[in-house]
Amino acid sequence: MVAKPKVLMLGKLDHAHEQWKAVEEIAEVLRPKSTNREGFIEECKAGAFDGAVAVLRTFASISITGRIDEELLSYWPSSIKFLCHNGAGYDQIDIAPCTAKGICVSNVPTAVNDATADVNMFLIIGALRNFNVGMVALRRNEWRGNNTALGHDPEGKVLGILGMGGIGKNLKRKAEAFSMKVQYHNRKRLPVDKEDGAKYVSFDELLATSDVLSLNLPLNTHTHHIISTNEFAKMKDGVIIVNTARGAVIDELALVEALNSGKVGSVGLDVYEHEPNYIHPGLVNNPTVMLVPHMGTWTVETQTAMEVWCIDNLKQAVLTGTLKSPVPEQASM
Ligand SMILES: O=CC(=O)O
């Protein structure tokens, strides 16, 4: 009997059970026994994953392996040629050393767009309307609280989207339903037929003219702390900042300072620079800000669609030696 190809499973899937069964029919699934990076590396050294051709990893599996970086990859068997990440953002993976080792990486792009843009819109409305102050007061039995400031309507406000990818475009559509005016900045302007009519502005113009600034760009070496003290100084007084991308695209300390000084009027965050262990007290203790604990894709429908998409990548890798959605850095690999 011909042996099945081996795949390594890092983390666990909770929804796409039928699709996973189909993987088990075509592949032998290996799983680490260890629960930390040290133990995982020992298992690699002992040859526990030798022969595996592809890896499926979840966002939470960082607790088992730590970052997928050059050091970790140096212990992976040379048989591994594919790494399928279950998530849109793949900042837990260093792509350059994967490329150097000939490992093709995929992510889950479009499946996350609607759910993430929904949370984005929720944060925009909540921050504009000052809802958190009222919600906190009500739960303290203080009805709306004392001197709770009036909010602002989204209608007619300028929404600046930094990072007009799949989520940014989805957000644009939703924000326009609330009569917001949308402008965007990307490092490279989109072809006009891909802009959906959004106005393209320079980075500085986006900062200077947006009433609400939404961060919708991936975290990488170019975008780390792309918004910090200098950038806040260029913004309108009372600007609203919303982030559903990754915490570290904003310098969180500078954000708290800008909030405390009144430069930033309010904030809506789903992601934090040092999540999940540390959220700056200047955010947690400020009732005017809207804070959600990274729930952008936290729906049954979206989590299921993400798992199915990721499994499709894994199956395609095993059966055809290709990926359905390679990460952009490796598009030509
Ligand atoms: O944060 C969620 C994702 O990257 O998919």
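Note that the coordinates shown come from a computational prediction; the quantities given were computed from them, not determined experimentally. (Residues numbered from 1 in each chain as written. Predicted model: local features only at pLDDT ≥ 70, side-chain atom pairs only at ≥ 80, totals over all residues. Heavy atoms only, no water.)

Undergrad: Any chance you could break down unusual backbone geometry for me, citing the residues and the numbers?
TA: Where the residue is not glycine, phi is negative for most of them; where a peptide bond is considered, it is trans in most cases. Here the residue pair E275 and P276 is connected by a cis peptide bond, since its omega of -5° sits within 30 degrees of zero. Note on placement: P276 falls in the loop between β11 (264-269) and α12 (281-284). In this structure, N130 is a non-glycine residue whose phi angle is positive, near 65°. Within the secondary structure layout, N130 lies in the loop between α6 (113-129) and α7 (131-139). Located in the positive-phi region is N147, a residue other than glycine, with phi close to 55°. With respect to the helices and strands, N147 occurs in the loop between α7 and β6 (158-162). Take N147: its relative accessible area is 77%, and that puts it in the exposed class. (Helix = DSSP H or I, 4+ residues; strand = E, 2+ residues; numbered from the N terminus. Buried < 20%, exposed > 50% of the residue type's maximum accessible area, 1.4 Å probe, protein only.)

Undergrad: Please set out the site of the ligand residue by residue, giving values where relevant.
TA: In the region of the ligand, the neighbouring residues are G87, A88, G89, V112, R246, H294 and M306. The separation between an oxygen atom of the ligand and a polar main-chain atom of A88 is 2.7 Å. Between an oxygen atom of the ligand and a side-chain N or O atom of R246, the distance comes to 2.8 Å. Taking 190 Å² as the accessible area of the ligand by itself, protein coverage stands at 86%. Tallied by class, residues from the shell around the ligand come to 3 nonpolar, 3 polar and 1 charged. (Near = heavy atom within 4 Å. Polar contact = N/O pair within 3.5 Å; in protein donor to acceptor, adjacent residues only side chain to side chain. Areas by Shrake-Rupley, 256 points an atom, 1.4 Å probe, with all protein chains shown as cover. Nonpolar A, V, L, I, M, F, W, Y, C, P; charged D, E, K, R; others polar.)

Undergrad: Summarise the sheet that holds strand β7 (residues 181-185); cite the residues concerned and give the values.
TA: Strand order in the open sheet made by the 7 strands is β8-β7-β6-β9-β10-β11-β12, with parallel pairing throughout. The two strands at the open ends of the sheet, each matched to only one other strand, are β8 (199-200) and β12 (290-291). Relative to β8, β7 runs parallel, the two sharing 2 bridges. Across the sheet, Y184 pairs through a bridge with Y200, a residue of β8. Contacting β6, β9 (212-215), β10 (239-243), β11 and β12, α6 runs over the sheet at an angle of about 155° to β10. Along the sheet, helix α11 (residues 252-260) contacts β10 and β11; its crossing angle with β11, the most-contacted strand, is approximately 140°. (Pairing = 2+ DSSP bridges. Contact = heavy atoms within 4.5 Å. Axes fitted to C-alpha atoms, helices over the stretch in contact; angles between N-to-C directions.)

Undergrad: Before we move on, can you summarise the UniProt feature "domain: D-isomer specific 2-hydroxyacid dehydrogenase catalytic" (unreviewed entry) in the protein chain with the specific residues and values?
TA: Under the local residue numbering, the UniProt record ascribes the feature "domain: D-isomer specific 2-hydroxyacid dehydrogenase catalytic" (unreviewed entry) to residues 63-327. Summarising residues 63-327: 38% helix, 14% strand, and an end-to-end C-alpha distance of 22 Å. (UniProt positions renumbered as here; feature names shortened; annotations may be inferred.)

Undergrad: Can you explain the pattern of salt bridges? Please cite residues and give values.
TA: Across all of its chains, the model carries 16 salt bridges by this definition. A salt bridge links K12 to D14, with the shortest nitrogen-to-oxygen separation between them at 2.7 Å. The exposure class of K12 is exposed, given its relative accessible area of 58%. For R140, the salt bridge identified is with E142, shortest N-O distance 3.2 Å. Since its relative accessible area comes to 40%, E142 is described here as partly exposed. Linked by salt bridges that have partners in common, R37, D69 and E71 make up one network. (Salt bridge = Lys/Arg side-chain N within 4 Å of Asp/Glu carboxyl O.)

Undergrad: Please provide a residue-by-residue account of the side chain of K174, values included.
TA: Note that K174 resides in helix α8 (residues 166-177). With residues up to four places along the chain from it excluded, the contact list for K174 reads D114, A117, D118 and M121.

Undergrad: Give a description of the sheet that holds strand β2 (residues 28-30) that names residues and reports values.
TA: Ordered by their spatial adjacency, 5 strands build an open sheet running β2-β1-β3-β4-β5, and the pairing between neighbours is parallel. Edge strands, defined here as strands with exactly one partner in the open sheet, are β2 and β5 (104-106). On average, each strand axis in the sheet is tilted by 20° relative to the strand beside it, whichever way the strands run. Of the strands in this sheet, β1 (6-10), β3 (52-58), β4 (82-86) and β5 touch helix α13 (residues 300-320), which is tilted by about 175° from β4.

Undergrad: Quick rundown of the confidence of the model for the protein chain? Include the residues and the values.
TA: Model confidence for the protein chain is summarised by a mean pLDDT of 97, while 100% of its residues fall at 70 or above. Confidence estimates for the predicted assembly give a pTM of 0.95 and an ipTM of 0.95. (pLDDT = per-residue confidence, 0-100.)

Undergrad: Tell me about the UniProt feature "domain: D-isomer specific 2-hydroxyacid dehydrogenase NAD-binding" (unreviewed entry) in the protein chain, and please be specific about residues and values.
TA: Within the UniProt annotation, "domain: D-isomer specific 2-hydroxyacid dehydrogenase NAD-binding" (unreviewed entry) is assigned to residues 122-296. Helix makes up 31% of residues 122-296 and strand 17%, whereas the separation of the span's terminal C-alpha atoms amounts to 10 Å.

Undergrad: Any chance you could break down the packing of aromatic side chains for me, citing the residues and the numbers?
TA: A full pass over the atoms with the stated rule returns 2 aromatic pairs. Summarising the aromatic geometry, the rings of F40 and F49 are spaced 5.3 Å apart at their centres and angled 25° between planes, so their arrangement reads as stacked. Looking at F49, the relative accessible area reads 1%, which means it is buried. Plain terms: the ring middles of Y184 and Y200 are 5.1 Å apart, the flat faces sit at 65° to each other, and that makes the pair edge-to-face. A residue pair is termed long-range when its members are at least 10 positions apart, and Y184 in strand β7 and Y200 in strand β8 qualify at 16 residues. Its relative accessible area of 0% is what places Y184 among the buried residues. (Phe/Tyr/Trp six-rings, centres within 6.5 Å; stacked < 30°, edge-to-face > 60°.)

Undergrad: Tell me about the domain arrangement of the protein chain, and name the residues and values.
TA: Taken domain by domain, the protein chain consists of domain 1 (6-111 + 301-330) and domain 2 (113-291). Of note, the centres of domain 1 and domain 2, computed from C-alpha atoms alone, are 32 Å apart. Facing 7 residues of domain 1, the contacting portion of domain 2 comprises 4 residues. When residues of domain 1 are sorted by the area they lose upon contact with domain 2, F59, D91 and T110 head the list and together hold 61% of the total. Here domain 1 and domain 2 share 1 salt bridge between them. Linking D91 and R246 is a salt bridge whose minimum nitrogen-to-oxygen distance equals 2.8 Å. Connecting domain 1 to domain 2 are 3 residue pairs in polar contact (both at pLDDT 80 or more). (Domains from an automatic or database assignment. Buried area = accessible area lost by both parts, 1.4 Å probe.)

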